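Observations on chain architecture
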Amino acid sequence: MKLPEDQPASSQDNRDIFDRMKAGKPIRLDDPQYYKVQEVVSRTIKLSVELNISTTIDQIRERLSEIVGAPLDESSTVFTPFHTNFGRFIHIGKNVFINHSCSFLDMGGIIIEDHVLLGPKVNLITENHPTDPADRRALICRPIVIKRNAWIGAAATILPGVTVGENAIVAAGAVVSKDVPANTIVGGVPAKIIKHIELS
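Scope of this entry: the structure provided in the associated data block. (Residues numbered from 1 in each chain as written. Predicted model: local features only at pLDDT ≥ 70, side-chain atom pairs only at ≥ 80, totals over all residues. Heavy atoms only, no water.)

Across all of its chains, the model carries 7 salt bridges by this definition. When the shortest N-O distance is used, the salt bridge between Arg28 and Asp135 registers 2.9 Å. Separated by 107 residues along the polypeptide, Arg28 in the loop between helix H1 (17-22) and helix H2 (34-51) and Asp135 in the loop between strand S9 (127-128) and strand S10 (140-141) bring together distant segments of the chain. In terms of burial, Arg28 and Asp135 fall into one category: buried. (Salt bridge = Lys/Arg side-chain N within 4 Å of Asp/Glu carboxyl O. Helix = DSSP H or I, 4+ residues; strand = E, 2+ residues; numbered from the N terminus. Buried < 20%, exposed > 50% of the residue type's maximum accessible area, 1.4 Å probe, protein only.)

Spelled out as structure tokens, the structure:
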């Protein structure tokens, strides 16, 4: 298996796997530190069962806080079911609303700033795979950032490395593969700018 030229084999084990993951370096199943990823995933799977049988918003907030490893502000609301494969790299700001059946694949990091709205069935995907079939099972992760006051419509999918700008709107069902400028509305597959938002 050939390693990318910018990643010499000697550097593979020197940095913590989570640092390499956040830096966008390929993470392979035979990595000697991969057990750390598996431990977080196993813990999140277990905690997610408890999260998704919660019966109150406060209970959801408490159990999601345990998954992400930080308190979820009382001003933010998440509806279940909520799905994440990792959880520890999710940051949710204040006055955020996340509707039901959203999925966060967050190994690359997901930052949701204050006053963001997410419609039902939104997918935030920070994880990708190499195109080389011989290395297809490796993970390449890049962060997603949803800026303040953005609104992500129902069943939209945000792909790795995308930043959605302040006040922007992503139309329902859109697939977003490139950054969304502030104060714009994007839609379609792949998403393109539909119009600019006039601020009052």
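So, on to the sheet that holds strand S7 (residues 117-118). In spatial order, the strands read S1-S4-S7-S12-S15-S17-S18; together these 7 strands make up an open sheet with mixed pairing. Each end of this open sheet is capped by a strand with a single partner; those strands are strand S1 (77-78) and strand S18 (192-196). Pairing geometry for S7 and strand S12 (residues 151-152), over 2 bridges, is parallel. Along S12, the bridge assignment pairs Leu117 with Trp151. (Pairing = 2+ DSSP bridges.)

Time to look at the sheet that holds strand S6 (residues 110-112). Across the sheet, which stays open at both edges, the 4 strands sit in the order S3-S6-S11-S14 with parallel pairing between neighbours. Two strands in the sheet have a free side with no partner beyond their single neighbour: strand S3 (90-92) and strand S14 (163-164).

Moving on: the packing of aromatic side chains. Evaluation of the coordinates by the stated rule reveals 5 aromatic pairs. Among the aromatic residues, those joined into a ring-pair cluster are Phe18, Phe86 and Phe89. The positively charged end of Lys22 is found above the aromatic ring belonging to Phe89, 4.3 Å away from the centroid. (Phe/Tyr/Trp six-rings, centres within 6.5 Å; stacked < 30°, edge-to-face > 60°. Lys NZ or Arg CZ within 6 Å of the ring centre and 35° of its normal.)

The pairing of strand S2 (residues 82-84) with strand S5 (residues 102-105) spans 3 bridges and is classified as parallel. From the neighbouring strand, His83 faces S5, where its bridge partner is Ser103. Where S5 meets strand S8 (residues 123-125), 3 bridges bridge the pair, whose relative direction is parallel. Paired with Phe104 across the bridge in S8 is Leu124.

Ile98, Phe104, Ile112, Leu118, Val164 and Val170 are the most contacted members of the largest nonpolar core, which totals 35 residues. Sorting the residues of this core by element identifies H2, helix H3 (57-68), S3, S5, S6 and strand S11 (144-146) as the ones contributing at least two each. Per-element accounting of this core gives the leading share, 4 residues, to H3. With near-sequence residues (within four places) excluded, Val164 lies in contact with Val145, Ile146, Lys147, Ala150, Ile152, Ile158, Val170 and Val180. Of all hydrophobic cores here, the second largest spans 12 residues; its members include Ile17, Ile27, Phe89 and Met107. (Core = buried A, V, L, I, M, F, W, Y, C linked by side-chain atoms within 4.5 Å. Contact = heavy atoms within 4.5 Å.)

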